[in-house]
Amino acid sequence: MPKFILSLILICQTSLMWSQSTQQEKLEERKAQIQKEIRENEALLQSVKKKEKSAVNVFIVQINKIKLKENLINTTERQTKLLSNDMYGNQMKINKLNRELAVLKEDYARMIVKSYKSRSEQSRAMFILSSNSFLQAYKRIQYMKQYTNYRKLQGEEIKSKTDQLTVYNQKLDVQKTAKQKLVEENERERLSLLKEKQEQEKLVKTIKKDKNKIAGEIKKKQQEARAIDKQIDKLIREAIAEANRKAAVENAKANPKAIVSRAEVSSSKIVLTTETKIVADNFRANRGKLPWPVEKGFVSSGYGDHPHPVISSLMVHNSGVEITTNEGANARAVFGGVVTSVLAISPVNKAVVIQHGDYFTVYQNLSSVYVNKGDKVSIKQSIGKIRTNGDTGKTIVKFTISQNTTYDNPANWLYNM
């Protein structure tokens, strides 16, 4: 029973160490990803600063950099805490081994002294010969053999525990160095974050001087966005009606006596066929796992109603998300589907609508488009080049997801958003 308990404890300790190691690896991967995003964001920020005439857009790009810095600090703190817990566990093991070694060495020393005192072959022979019977002599011989083996085992155990102690001490030294490195790294990031926030404060002061002008520009952009949303909504409704008409025709061919209602054709909800249901089910099954509509970038404007990042008293609405990326970047399909519309919002601003069963994804602010209406597209296929604004130097794609005409937050669908 004690062996079983000891084995169970060993298994638990091994599992805990493996779990902590896995967590550290995941945190290290996450930290590397954040650091990569910070570098990309810094390059983007420098590009925007060179071309940008408005402090507002620089402010928005810098907000994301500050968030990334805060995420990096939090991730490093989690790494440090996990490492501290592991170090505490190793120190406890070292303390336990030291206590066990002290007892073993003391016991071993007593055995050596006792063996030394009775070391002569004559005393051993007399011990055996003075036996009252053959059985007692045999037992004394066995005792002496066991005593010798025990002493040997004691020596081996002392060596084994000494080796373990050396390993744990070496591990602890490495961990202490790693922890110190993390602490220093975090301190540098905190100073860098402080500098970024001071830069933000300067921008805020600049923005406050032109608050009324900026508020007017924001309201104008909101009106333009709502007008574009209406155009997109109309295209989606037309795509739904067209899909339902085709389904009705197919149904009529299969069932000549069936009566197709007008509501079935003009509904704002797609009547799924066997084929489109499979696509819709597959799309839904990938909720939270879809790739981003750009290879790299960051969300510069989130979904729904929220205060403007610069003028908090002004509420803004976004039917999707706006993702800032690098100049020359392409928009890509987040899932396989069929292009139902290509809309020219302006000569330099185009949008692509893709159907996935009864779901629709829309990609706005494209300077050129690589697909046509009716084309089948695959996941991550490039569908157009994202427009870079000549005045601001920013490259932004607006991305929306809807089931029929009901919009949803893309953050619920895209991986790690």
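None of these values were measured; they are calculated from a predicted model.

### Structural notes on empty space enclosed by the protein
Inspection of every chain in the model, using the stated rule, returns one cavity of 30 Å³ or more. In this structure, the largest cavity occupies an estimated 30 Å³ of space. Together, D229, I232, S319, V362, Q364, T400 and Y407 line the largest cavity. Residue assignment for the lining of the largest cavity shows that the elements contributing at least two residues are α5 (211–254) and β8 (359–369). Each residue belonging to the lining of the largest cavity can be placed in one class, and the counts come to three nonpolar, three polar and one charged.

### Some points on the pattern of salt bridges
Summed over the entire model, instances satisfying the criterion amount to eight salt bridges. The partner of R284 in a salt bridge is D281, and the shortest N-O contact between them spans 2.8 Å. Placement of both R284 and D281 in helix α7 (residues 274–285) is noted, with a separation of three residues, approximately one turn of the helix. In this structure R284 comes out as partly exposed when scored by relative accessible area, which is 34%. A network of salt bridges, in which partner residues are shared, links K277, D281 and R284.

Conventions we followed
Residues numbered from 1 in each chain as written. Predicted model: local features only at pLDDT ≥ 70, side-chain atom pairs only at ≥ 80, totals over all residues. Heavy atoms only, no water. 1 Å grid on protein atoms, 1.4 Å probe; cavity = no way out; pocket = protein on both sides within 12 Å on 5 of 7 lines; lining within 4 Å. Points joined across faces, edges and corners; volume = space filled by probe spheres on them. Helix = DSSP H or I, 4+ residues; strand = E, 2+ residues; numbered from the N terminus. Nonpolar A, V, L, I, M, F, W, Y, C, P; charged D, E, K, R; others polar. Salt bridge = Lys/Arg side-chain N within 4 Å of Asp/Glu carboxyl O. Buried < 20%, exposed > 50% of the residue type's maximum accessible area, 1.4 Å probe, protein only.

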